[in-house]
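Coordinate analysis (summary)
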Amino acid sequence: MENNALTTETQYANIENKQIAYRKIGAGTPLILANRFRGTLDTWDPLFLDLLAKNNTVITFDYSGIGYSEGELPIDLHEVASEVTKIADYLKFDKYFVGGWSYGGLIAQYATFLYPARVLGTIVIGSNPMGKNDAPLSPLFLEKALQPTYTPEDIITLFFEPASEKSSAAGIASLQRIAQRYDESKVPVKPEILQRYFAATPQLTEDKDNFREGYKTLQTPVLAISGDNDISFAVENWFPLLKKAPTLQHIIFHAAGHAPHYQYPELATTYITTFINNTINE
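Figured I'd write up the structure that's included with this text. (Residues numbered from 1 in each chain as written. Predicted model: local features only at pLDDT ≥ 70, side-chain atom pairs only at ≥ 80, totals over all residues. Heavy atoms only, no water.)

1. Some remarks on the overall build of the protein chain
Our working definition: Helix and strand assignments follow DSSP, with helices taken as H or I runs no shorter than four residues and strands as E runs no shorter than two, numbered in order from the N terminus. Note on method: radius of gyration uses C-alpha positions; expected globular size equals 2.2 Å times residues raised to 0.38. Residue exposure (1.4 Å probe, protein chains only): buried if accessible area is under 20% of the type maximum, exposed if over 50%, otherwise partly exposed. When checking whether two residues touch, look at their non-hydrogen atoms; a contact exists if any pair is within 4.5 Å. Each accessible area value is a Shrake-Rupley result obtained with a 1.4 Å probe; residue values ignore everything except the protein chains displayed when judging cover.
Each helix and strand counted, the protein chain has 11 helices and eight strands in total. In terms of C-alpha radius of gyration, the protein chain reaches 17 Å, essentially the compact-globule figure of 19 Å for 282 residues. The C-alpha extent of the protein chain, read off along each of the three principal axes, is 45 × 45 × 35 Å. Taken across its 282 residues, the protein chain has 58% of its residues classed as buried. Across the protein chain, contacts joining residues at least 24 apart in sequence account for 73% of those joining residues at least 6 apart. Per element, the accessible surface of the protein chain, about 12,100 Å² overall, is 53% carbon and sulfur.

What follows is the structure, given as structure tokens:
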């Protein structure tokens, strides 16, 4: 049987006496992906993963205390980011690319700044830089994102562009792909767990690590991908950094929301694969 996103087995890495769940597909350059708020191994779009796996070894995992993993989600983003490197150590990846979506995009950036000798390049999808950002989370996002379960309409509102028929149709298609391997019981719903995600907000905005300023001297290539109507992490929050961050590239998808890589899986993975290949060959 072909080893793809829908068929690959869920494996477990014993890390600090916890079973951390992960899945591994493809072959080639390692790419470790960090997930969104309330995301699990099952909430990745399998088409997006399979397209990436044509040229890379793609690793998805559940944070401690989330989805299929044991433990408790750390409220310190340094600790969450360290899980990326611990997964890499377990799989014997000395150097690797890291990617992240939404909350995972923050984790990917933290991993990049904390472990620069390990991270070859970084892909940040539907997320923002650390520090003070002018455009806040939309109240609509908070209203929808904290519901116990999502309807298809909620998915379109949260992750796509409801005003666009094309985006809405792409959202339904993505939802149908995800539904082929989806265990809703693994999605975190308890308020005390959800609060652990938001507990990191002061750490992000205060940015005592000075990571935002660190973009000026960062050597690691970073590819940011945004939708132009992201109600969670506004695309505009990247703009002040673009002339100050020499290794940062930014791609914006038109009439797209918080999940541009699910709306345009072929195009997004083409950009990502080109970015990875160019970084390796520099």
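2. A look at the nonpolar core
Heads up, the condition is: Definition of nonpolar core: a set of buried residues of the types Ala, Val, Leu, Ile, Met, Phe, Trp, Tyr and Cys, connected through side-chain atoms within 4.5 Å.
Ile-32, Tyr-63, Ile-87, Tyr-103, Ile-107 and Ile-272 are the most contacted members of the largest nonpolar core, which totals 81 residues. Broken down by element, this core gets its largest block of residues, seven residues, from helix H3 (residues 103–114). Dropping the residues within four chain positions of it, Ile-87 is found in contact with Ala-13, Ile-15, Ile-20, Ile-32, Ile-59 and Phe-61.

3. Quick notes on the sheet that holds strand S1 (residues 11–15)
This is how it is decided: For two strands to be treated as a pair, DSSP must find no fewer than two bridges joining them. Here an axis means a line fitted to C-alpha atoms, over the contact stretch when the element is a helix, while the angle between two N-to-C directions is reported on a 0 to 180 degree scale.
On the basis of which strands lie adjacent, the open sheet formed by eight strands has the order S1-S2-S4-S3-S5-S6-S7-S8 and mixed pairing. Only two strands of the sheet have a single neighbouring strand rather than two, namely S1 and strand S8 (248–253). Each neighbouring strand pair of the sheet contributes to a mean axis angle of 25°, computed without reference to strand direction. Bridge analysis of strand S7 (residues 222–227) against S8 gives six bridges, and the strand direction is parallel. Following the sheet pairing, Leu-223 is matched in S8 by Gln-249. On top of the sheet, helix H11 (residues 265–281) reaches strand S3 (29–34), strand S4 (56–61), strand S5 (96–101), strand S6 (119–125), S7 and S8; it is set at about 160° to S6, its chief contact.

4. Focus on the pairing of S1
Bridge analysis of S1 against strand S2 (residues 18–26) gives five bridges, and the strand direction is antiparallel. Paired with Ala-13 across the bridge in S2 is Ile-20. Linking S1 back to S2 in an antiparallel pair, the connection comprises two residues, with Glu-16 at a positive phi of about 55°.

5. Overview of the pattern of salt bridges
As a reminder, the rule being used: We define a salt bridge as a side-chain nitrogen of Lys or Arg found within 4 Å of a carboxyl oxygen belonging to Asp or Glu.
Counted according to the given criterion, the structure contains 10 salt bridges. Asp-89 is paired through a salt bridge with Arg-118; the nearest N and O atoms lie 2.8 Å apart. Taken together, the residues span a long stretch of sequence, with Asp-89 in helix H2 (residues 77–90) and Arg-118 in the loop between H3 and S6 at a distance of 29 residues. Classification of Arg-118 as buried rests on a relative accessible area of 17%.

6. With respect to the packing of H2 against H3
Heads up, the condition is: Roughly parallel refers to an angle under 35 degrees, roughly antiparallel to one over 145, roughly perpendicular to one between 65 and 115, and oblique to any angle outside these ranges. When residues are sorted by character, Ala, Val, Leu, Ile, Met, Phe, Trp, Tyr, Cys and Pro go into the nonpolar class, Asp, Glu, Lys and Arg into the charged class, and all the rest, Gly among them, into the polar class.
Two elements in contact, H2 and H3, have axes separated by 8 Å at closest approach and are oriented at 80°. As judged from the angle between their axes, H2 and H3 are roughly perpendicular. Taken together, the residues of H3 that come into contact with H2 (itself represented by Leu-77, His-78, Val-80, Ala-81 and Val-84) are Tyr-103, Ile-107, Tyr-110, Ala-111 and Leu-114. Across the contact of H2 with H3, the residue classes break down as nine nonpolar, one polar and no charged.

7. Some details on the environment of Phe-253
In this fold, Phe-253 is placed in strand S8. Residue class for Phe-253 comes out buried when judged on its relative accessible area of 5%. When the C-alpha positions of Phe-253 and Asn-278 are compared, they lie 21 Å apart, and in sequence the two are 25 residues distant.

8. Looking at the packing of helix H5 (residues 152–159) against helix H6 (residues 165–178)
Stated precisely, the cut-off is as follows: Each crossing gets its handedness from the near helix: less than a right angle anticlockwise from the far helix is left-handed, clockwise is right-handed.
In the contact formed by H5 and H6, the axes pass within 10 Å of each other and the chain directions differ by 120°. Of the possible angle classes, the one that applies to H5 and H6 is oblique. Handedness of the H5/H6 crossing: right-handed. From H5, Pro-152, Ile-155 and Ile-156 reach across to H6, where they touch Ser-168, Gly-171, Ile-172 and Leu-175. Residue classes in the contact of H5 with H6 are distributed as five nonpolar, two polar and no charged.

9. Thoughts on a nonpolar patch on the surface
Basically, it comes down to this: Within the patch definition used here, like charges are joined within 9 Å and nonpolar side chains (Val, Leu, Ile, Met, Phe, Trp, Tyr) within 5 Å, considering only residues with over 30% relative accessible area and no salt bridge.
Among the surface-exposed residues, Leu-137, Leu-142 and Leu-146 lie close enough to one another that they form a single nonpolar patch of about 220 Å² accessible area. In this fold, Leu-142 is placed in helix H4 (residues 139–145). Classification of Leu-142 as partly exposed rests on a relative accessible area of 32%.

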